[in-house]
Amino acid sequence: MSQPHMPPAHPFDDDKLKEECGIFGIVGVTDAANFVALGLHALQHRGQEAGGIVVHHPEHGFNSARRFGYVRDNFTSQSVMETLPGPIAIGHVRYSTAGSKGATAIRDVQPFFGELSMGGVALAHNGNITNANALRRELIERGSIFQSSSDSECIIHLMARSMGRSIPDRVEEALRKVEGAFSVVAMTRTKLIGVRDPLGVRPLVLGKLGEAWVLSSETCALDIIGAEFIREIAPGEMVVISEKTGVESHFPFRPQKPRFCIFEHVYFSRPDSIIGGRSVYETRRQIGVELAREAPVEADLVCPVPDSGTPAAIGFAHESGIPYGMGIVRNQYVGRTFIEPTEQIRNMGVRLKLNVNRALIKGKRVILVDDSVVRGTTSRKIKEMILDAGAKEVHFRIASPPTAWPCFYGVDTPQRDKLLAATMSEDEMRDHLGVDSLKFISLNGLYRAAGEASGRNDAHPQYCDACFSGEYPVRPADMLEQGFQMKAAE
Ligand code: SF4
């Protein structure tokens, strides 16, 4: 049977890196699914293509719902939510990377569910398994029947083959075979399980709501349900949580130095989240401060490219003393209005999403602060709009270093040859974009803004920064097999 397909939720937003997923779970409340729906709504920025919830009820057993589109459109109606009773639930929002990219089938939408000899288990994964192809081949050869094209389903099959005596034992054993980046929430009939990979590339936090326990990709989703932030799940940690026993912590992997994704600070996480004890907003503001110190320029106005460039623009303006203004205004609703745009509407492109505040821009030397340059297509269009509005000069300041390498850890990046910074120097990019100046924050400046006072430790980098440096903390086995060329050792 053919499966319904979903167009990208933001058809005009193809010049950004996209976080793959958000995950959320709760145990110890009545109607856990309602809390998961709220949590997923707060994590919607991490994936807009589809979402799913699995619950367990002592009488009604496991139930699930998986839908394309936004959480608010799918998991608010009584007819759906009353099919999801129970005190324990997990959920997932998805933007497809691994799996059938660009043409997701409903069978690829998580959480995945498996019936094991000791009971059912549901699992949702944020990240990317870098040896998924090899694992899948091996599992299929040994008789596993895959339901989806998602790399995450390997975990369920590895659990099915494990000899572990309990489901948490099997989660542990399965994840020891998996390489790459993973934050996982899983559930049995009574237990909520959370795991982060040994490097802690993707986030996962623990919260408490009365007697209930919560796991979430980000703290902003704890806030929405009024849960208290307890702590981050540590890199390499597995927590097994039940109403009866509370939180048990295990460390099943060989300890390694953490390498959290530094791009979470720049762009993926919501600015009202806390990461590593730091406010994401404050880190982004500080990136603007560093950028103003590293790459000053005489100008009349600092404008963010909304929304993600805003905190860095505020920091840049503060540090430089140049006035801040909303020179570009974003229409928040365009992605919803033109979900399947006609060719004519598509040609309007960026103008549908962003509009220039002419009265503010005219006759000014403008500094535009954006979070990143990926393909450069949007940056060029924005520059044209600013010049059309009568700006005298346009200077781009970018709140991340040049994105010159693809991410293989759960973020959708174009192939390397489509990344502007992979093929051009900074000066060539400036000429290509046709702006008066273009400067990116240095890697050291970004590390300082993220709280590392002495910058990047080149011998042992404190973060994953592979998309900037080309230094991959986990060997991308599947991609190497497909011919990807790593950066030559210096
Ligand atoms: S490669 Fe970039 S986007 Fe991917 S995990 Fe590393 S820092 Fe984050």
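Up top you'll find the structure we're talking about.
The following paragraphs examine the structure supplied in this document. Please read all numbers here as calculations on a predicted model, not as lab measurements.

**A word on the packing of aromatic side chains**
Item 1. Evaluated as defined, the whole model comprises twelve aromatic pairs.
Item 2. With centroids separated by 6.3 Å and ring planes inclined at 70°, the aromatic side chains of Y409 and Y472 adopt a geometry described as edge-to-face. Of this pair, Y409 sits in the loop between β22 (393–398) and β23 (411–412) while Y472 sits in the loop between α19 (466–469) and α20 (477–481), placing them 63 residues apart in sequence.
Item 3. The exposure class of Y409 is buried, given its relative accessible area of 2%.
Item 4. Summarising the aromatic geometry, the rings of Y447 and Y463 are spaced 5.4 Å apart at their centres and angled 80° between planes, so their arrangement reads as edge-to-face. Here Y447, found in helix α18 (residues 443–449), pairs with Y463, found in strand β25 (residues 463–464); they are 16 residues apart in sequence, far enough to count as distant. Comparing Y447 with Y463 shows no difference in burial state: the two are buried.
Item 5. Put simply, the rings of W405, F408, Y409, Y472 and F484 touch in pairs and so form one group of aromatic residues.
Item 6. Cation over ring: R136 sits above F146, and NZ or CZ is 4.1 Å from the ring centre.

**Considerations on the site of the ligand**
Item 1. If you check the shell around the ligand, you find 13 residues, and the closest are R202, C261, C407, C464 and C467.
Item 2. A majority-of-atoms criterion places the ligand in the largest cavity.
Item 3. Sorting the residues of the shell around the ligand by element identifies α8 (263–268) and α19 as the ones contributing at least two each.

**Here we look at unusual backbone geometry**
Item 1. Here the amide bond leading from Q110 into P111 is cis, since omega sits at 0°, within 30 degrees of zero.
Item 2. A cis amide bond links P306 to the next residue, D307, at an omega of -5°.
Item 3. Residue position: D307 is located in the loop between β18 (301–304) and α10 (310–320).

The rules we used
- Residues numbered from 1 in each chain as written.
- Predicted model: local features only at pLDDT ≥ 70, side-chain atom pairs only at ≥ 80, totals over all residues.
- Heavy atoms only, no water.
- Phe/Tyr/Trp six-rings, centres within 6.5 Å; stacked < 30°, edge-to-face > 60°.
- Helix = DSSP H or I, 4+ residues; strand = E, 2+ residues; numbered from the N terminus.
- Buried < 20%, exposed > 50% of the residue type's maximum accessible area, 1.4 Å probe, protein only.
- Lys NZ or Arg CZ within 6 Å of the ring centre and 35° of its normal.
- Near = heavy atom within 4 Å.
- 1 Å grid on protein atoms, 1.4 Å probe; cavity = no way out; pocket = protein on both sides within 12 Å on 5 of 7 lines; lining within 4 Å.
- Sits in = over half its atoms within 2 Å of the grid points.

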